[in-house]
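# Fold and geometry: a report
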Amino acid sequence: MIVVVGHLEVAPANRDRAITLSLDAVRQARATDGCLDFSVSPDPIDPGRINVSERWRDREALETFRGEGTQGELDGLIRGAAVEEFEV
């Protein structure tokens, strides 16, 4: 199993918009064969942080979904990220 965990950094004023823009990716990931869980959520303390948590059956499933990563408006809102992958 592959676990992806970390956070994205956005301007506090853009956090809700960034989460809304992530909803299609969450739906698509959860519908992808091999996705065990996928979520993004607002951090309860830091208004410029979005927490990310993913669990995948294997690396092939993750890579099939991941493609080129974020794009469009969401990509422009992300100021930074600290996301790590672990094989369990």
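In what follows, the structure referred to is the one given above.
Described below are features of the structure shown in this document.

So, how was this worked out
Residues numbered from 1 in each chain as written. Predicted model: local features only at pLDDT ≥ 70, side-chain atom pairs only at ≥ 80, totals over all residues. Heavy atoms only, no water. Helix = DSSP H or I, 4+ residues; strand = E, 2+ residues; numbered from the N terminus. Rg over C-alpha atoms; globule rule 2.2 N^0.38 Å. Buried < 20%, exposed > 50% of the residue type's maximum accessible area, 1.4 Å probe, protein only. Areas by Shrake-Rupley, 256 points an atom, 1.4 Å probe, with all protein chains shown as cover. Phe/Tyr/Trp six-rings, centres within 6.5 Å; stacked < 30°, edge-to-face > 60°. Pairing = 2+ DSSP bridges. Axes fitted to C-alpha atoms, helices over the stretch in contact; angles between N-to-C directions. Contact = heavy atoms within 4.5 Å.

Of the regular secondary structure elements, the chain holds three helices and four strands. Along the chain, from the amino end to the carboxyl end, the secondary structure elements read β-α-β-β-α-α-β. For 88 residues, the compact-globule estimate of 2.2 N^0.38 gives 12 Å, and the chain sits close to it at 13 Å. If one aligns the C-alpha atoms of the chain with their principal axes, the spans along those axes are about 35 × 25 × 15 Å. Across the 88 residues that make up the chain, the buried fraction comes to 35%. Approximately 5,500 Å² of the chain is accessible, and the part contributed by carbon and sulfur atoms is 48%.

Let us look at the environment of Ala31. Inspection of the secondary structure puts Ala31 in helix α1 (residues 15–31). Residue class for Ala31 comes out exposed when judged on its relative accessible area of 66%.

With that settled, the discussion passes to the packing of aromatic side chains. Tallying each qualifying case throughout the model produces three aromatic pairs. On the basis of an interplanar angle of 75° and a centroid distance of 5.6 Å, the ring pair of Phe38 and Phe65 is categorised as edge-to-face. Taken together, the residues span a long stretch of sequence, with Phe38 in strand β2 (residues 35–42) and Phe65 in helix α2 (residues 59–66) at a distance of 27 residues. Here Phe38 matches Phe65 in class, with each residue buried. An aromatic cluster of at least three residues, connected via ring pairs, comprises Phe38, Trp56 and Phe65.

Let us look at the sheet that holds strand β3 (residues 49–56). Taken in spatial order, the four strands make up an open sheet running β2-β3-β1-β4, and their pairing is antiparallel. Of all the strands in the sheet, the pair left with one neighbour each is β2 and β4 (78–87). For this sheet, the mean angle separating the axes of adjacent strands, direction not counted, is 10°. Sheet analysis places β2 next to β3, joined by seven bridges and oriented antiparallel. When the sheet's bridge partners are listed, Pro42 is paired in β3 with Ile50. Together, β1 (2–10), β2, β3 and β4 form the strand contacts of α2, whose direction differs from that of β3 by roughly 130°.

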